[in-house]
Amino acid sequence: MTGLLIHNARVLTMDDTNPTAPAVAVREGRVRLVGGVEAARAAAGPGAVEVDAGGRTVLPGFIDPHNHLLSTAESLAAVDARYPRVGSAADLVAAIAAEAERTPAGQWIRAFSMDDAKYPGGRPTRRHLDEATTEHPVIVYHVSGHQAVVNSAALAWSGIGEDVPDPAGGSFVRDEGGRLTGMVTDAAMELLLPLAVDIGCHGPNFHTALPTEHLLGWLSDAAGPYLSAGVTTVCDPQVSARELRVYRAARAAGTLPLRTFGMPLSHQLDSLTHAGLASPFGDDWLRLTGMKFYSDGTLLGGTAKFSVPYGEHGQFPGSLYHHPDQLVDLVTRAAKEGWQVAIHTQGDAAMEHTLDAIASAARVSGPDPRPRIEHCGYPTVEQAKRFTDHGVIPVNQPNFLHDSGGDFLRRLGDRAHRLQPMREEIDLGLRPVLSSDSFVSSLRPMDTVANAVCRTTREGADIGREQGVTLHEALRAHTLDAAHALGVEDRLGALRPGYLADLVVLDADVESLPQDRLREVNAWLTVLDGEVVHQAG
Ligand SMILES: [Zn+2]
């Protein structure tokens, strides 16, 4: 392997002993030197490739500790129904009709991330989708992942008639005349497209049964979007047999696009315990780093559990996945086996149960358990202070403050300004991290960084500006502190000699950009394991 020298750069190393430098040298998959250009040239070795960065910012490769890699790959291969790209039922019909022209008749068409609460003419129905195609079964997933709308061909394909009963935990929405509208919720979605795994009531099931060769192809195709955004490591926060089989096959075939860590969902605790398996397990390409649990539901789905119900009319009481005692038992058993625990938690009522579980787990886990709280929507001031007792890692996703902040302000009122209180968490001495929750939101780290700094909604309203962080804090939370959350901060997340050579040259000097332009920034050059894997055209 020839060496690589990047010079004339503004290297932000995340190494407090050597925070900035003009050059970095890489050889044989490792960072060799971060410092002046002549020393770096010598360290890169004879014949090294030299890159003049033209004053651009160089960072450790972005680490996204909560990114549903396989589901993102699936959604990249499907119709992108995100707002504002699709902003009305008519837009949706046009997008599906265009896809139908490219798709053989009879094959499923799937679309992701519909946000129809923002559509001016109301919700789309099967009749709209029937205008797009009657030759293909169509399913359009809502941005929450808890609802979908299907066309008549999809109902027919699945053998669902007007007399279908609602399954437990789901419904087929009907119009005033009692006819199916095509809108389906939760468990009813499973009657349309079969699922690959049974996860009980441990979380939402989006593990759709699809041919492995399709999933492998889509995963390989996802390399471009990830690497051109500068992401070099992800952690898939909800791994089942479906995901791990595909990741293992991709690893064996040499098509895994980036370092892939994962957290098995909690329904697998007993079987993994029987196998003697706990985290960490694997290597620096494919690794299990923790176990994922669900405390409550989602903010957008109306199922987050707050002490005071939310919604414009207080109509959302929220719901829990486990009885509080069961959550404590489950999390404690996992911690005892050695698992790092990661608990999806949004509302303050659910946060109380999550903190009880973390306190119980702390009594049986090792000296540095690093419990994670995923999304970590609304910790009260008191609860945030309790995070410091156990070194809780809040896993923030400020893209939601931007994408759905208007809905949060309407549904939560003043409470919306305290969502993801990252400023406060840092000031308490915690090490919160940034992540995307892709496929639900943009996988681009600079979108996430911009939203953590700016805290404005898509419509331009402030949402807890006082909880905004500095650019440097945001970059650190998406690199070194993200590596800390994954237990690999001794070799990833910083640019220092001996570290794995994952780095990104951004296409700007981000320190000199105004805040409102941060989200335009992409990767100019991405290096993964010492190899250039993306170079802007
Ligand atoms: Zn997620």
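Residues numbered from 1 in each chain as written. Predicted model: local features only at pLDDT ≥ 70, side-chain atom pairs only at ≥ 80, totals over all residues. Heavy atoms only, no water.

Participant: When you look at the overall build of the protein in this model, what are you seeing that I'm missing?
Facilitator: From N to C terminus, the protein includes 18 helices and 26 strands. Relative to a compact globule of 537 residues, whose C-alpha radius of gyration would be 24 Å, the protein shows 23 Å and is just as compact. When the backbone C-alpha atoms are referred to their principal axes, the protein occupies close to 80 × 55 × 50 Å. For the protein, buried positions account for 60% of its 537 residues. (Helix = DSSP H or I, 4+ residues; strand = E, 2+ residues; numbered from the N terminus. Rg over C-alpha atoms; globule rule 2.2 N^0.38 Å. Buried < 20%, exposed > 50% of the residue type's maximum accessible area, 1.4 Å probe, protein only.)

Participant: Mind showing me how you'd approach the sheet that holds strand β1 (residues 4–7) here?
Facilitator: Pairing within the open sheet is mixed, and its four strands lie in the order β5-β4-β1-β6. In this open sheet, the two edge strands, each paired with only one partner strand, are β5 (30–35) and β6 (49–52). Going across the sheet, the axis of each strand differs from the next one's by a mean of 15°, ignoring polarity. One ladder, built from three bridges, connects β1 with strand β4 (residues 23–27); its direction is antiparallel. Within β4, the position partnered with I6 by the bridge is V24. Sheet strands touched by helix α1 (residues 37–44): β1, β4, β5 and β6. Its angle to β4, the strand with the most contacts, is close to 5°. (Pairing = 2+ DSSP bridges. Axes fitted to C-alpha atoms, helices over the stretch in contact; angles between N-to-C directions. Contact = heavy atoms within 4.5 Å.)

Participant: Would you explain the packing of helix α2 (residues 69–76) against helix α8 (residues 241–253) in this entry?
Facilitator: The relative placement of two packed helices comes down to the angle between their axes together with the axis-to-axis distance. Between α2 and α8, the least distance of the axes is 10 Å, while the angle of their chain directions is 80°. What the angle tells us is that α2 and α8 run roughly perpendicular. Within the contact between the two elements, α2 uses L69, L70, S71 and E74 and α8 uses R242, E243, V246 and Y247. Among the residues making up the contact of α2 with α8, the classes are represented as four nonpolar, one polar and three charged. (Parallel < 35°, antiparallel > 145°, perpendicular 65-115°, else oblique. Nonpolar A, V, L, I, M, F, W, Y, C, P; charged D, E, K, R; others polar.)

Participant: Would you mind showing me how to read the coordination of the zinc ion here?
Facilitator: Each donor-metal-donor angle would ideally measure 109.5 degrees in four-coordinate tetrahedral geometry, or 90 or 180 degrees in six-coordinate octahedral geometry. The zinc ion binds to the protein through H66 (NE2), H68 (NE2) and D437 (OD), with metal-donor distances spanning 2.1 to 2.2 Å. Linear spacing of the donor residues for the zinc ion on their chain is H-x1-H-x368-D. Taken as a pair, H66 in the loop between β8 (62–64) and α2 and D437 in the loop between β23 (433–434) and α16 (445–454) lie far apart in primary sequence, 371 residues in all. Comparing H66 with D437, the two get one shared label, buried. (Donors = N, O, S within 2.8 Å, 3.2 Å for Na, K, Ca; no water.)

Participant: Would you take a moment to explain the packing of α2 against helix α6 (residues 212–221) for this structure?
Facilitator: Contact geometry of α2 with α6 gives a least axis separation of 8 Å together with a crossing angle of 90°. Relative to α6, the element α2 lies roughly perpendicular. The segment α2 lies against α6, with L69, L70, A73 and E74 engaging L215, W218 and L219. For the contact of α2 with α6, a count of residues per class yields six nonpolar, no polar and one charged.

Participant: Sorry, what's going on with the domain arrangement of the protein here?
Facilitator: Note on interface size: it is often stated as the accessible area lost on association of the parts. Per the domain assignment, the segments making up the protein are domain 1 (1–61 + 493–537), domain 2 (75–191) and domain 3 (290–490). At the junction of the two partners, domain 1 supplies 18 residues and domain 3 supplies 18 residues. Interface area for domain 1 against domain 3, summed over the two sides, is near 1600 Å², with a carbon-plus-sulfur share of 59%. Sorting the residues of domain 1 by area buried against domain 3 places M14, L518 and R519 first, and these three jointly supply 41% of that buried surface. Our enumeration of links across domain 1 and domain 3 arrives at one salt bridge. A salt bridge links R476 to D16; the shortest N-O distance between them is 3.6 Å. For the pair domain 1 and domain 3, the number of links is seven residue pairs in polar contact (both at pLDDT 80 or more). Of the residues contributing to the side of domain 1 that touches domain 3, the split by class is 10 nonpolar, four polar and four charged. (Domains from an automatic or database assignment. Buried area = accessible area lost by both parts, 1.4 Å probe. Salt bridge = Lys/Arg side-chain N within 4 Å of Asp/Glu carboxyl O. Polar contact = N/O pair within 3.5 Å; in protein donor to acceptor, adjacent residues only side chain to side chain.)

Participant: For this particular structure, what's the right way to read the pairing of strand β19 (residues 291–294)?
Facilitator: Two faces make up the sheet, and in a regular strand the side chains alternate between them. Side chains M291 and F293 project from β19 onto one buried face, and the interleaved K292 and Y294 project onto a second face that is buried too. Sheet topology places β19 next to strand β20 (residues 341–345); four bridges connect them, and they run parallel. Looking at β20, one finds that Y294 is bridged to H344. Handedness of the crossover is the feature at issue here: the chain leaves β19, passes through helix α10 (residues 324–337), returns alongside β20, and the resulting connection is right-handed. (Right-handed = clockwise from strand over helix to strand, strands pointing away.)

Participant: Just checking my understanding: could you explain the packing of aromatic side chains for this structure?
Facilitator: Two aromatic rings, taken as a pair, are described by how far apart their centres are and by the angle between their planes. With the rule as written, the count across this model stands at eight aromatic pairs. Ring plane angle 20° and centroid distance 5.2 Å describe the contact between F112 and Y141, whose orientation is recorded as stacked. Here F112, found in strand β10 (residues 109–114), pairs with Y141, found in strand β11 (residues 138–142); they are 29 residues apart in sequence, far enough to count as distant. Judged by centre distance (5.8 Å) and plane angle (80°), the ring pair of F112 and F439 falls under edge-to-face. Placement of the pair is F112 in strand β10 and F439 in the loop between β23 and α16, with a sequence separation of 327 residues. Since its relative accessible area comes to 16%, F439 is described here as buried. Aromatic ring contacts, followed pair by pair, group F112, Y141, F206 and F439 into a single cluster. (Phe/Tyr/Trp six-rings, centres within 6.5 Å; stacked < 30°, edge-to-face > 60°.)

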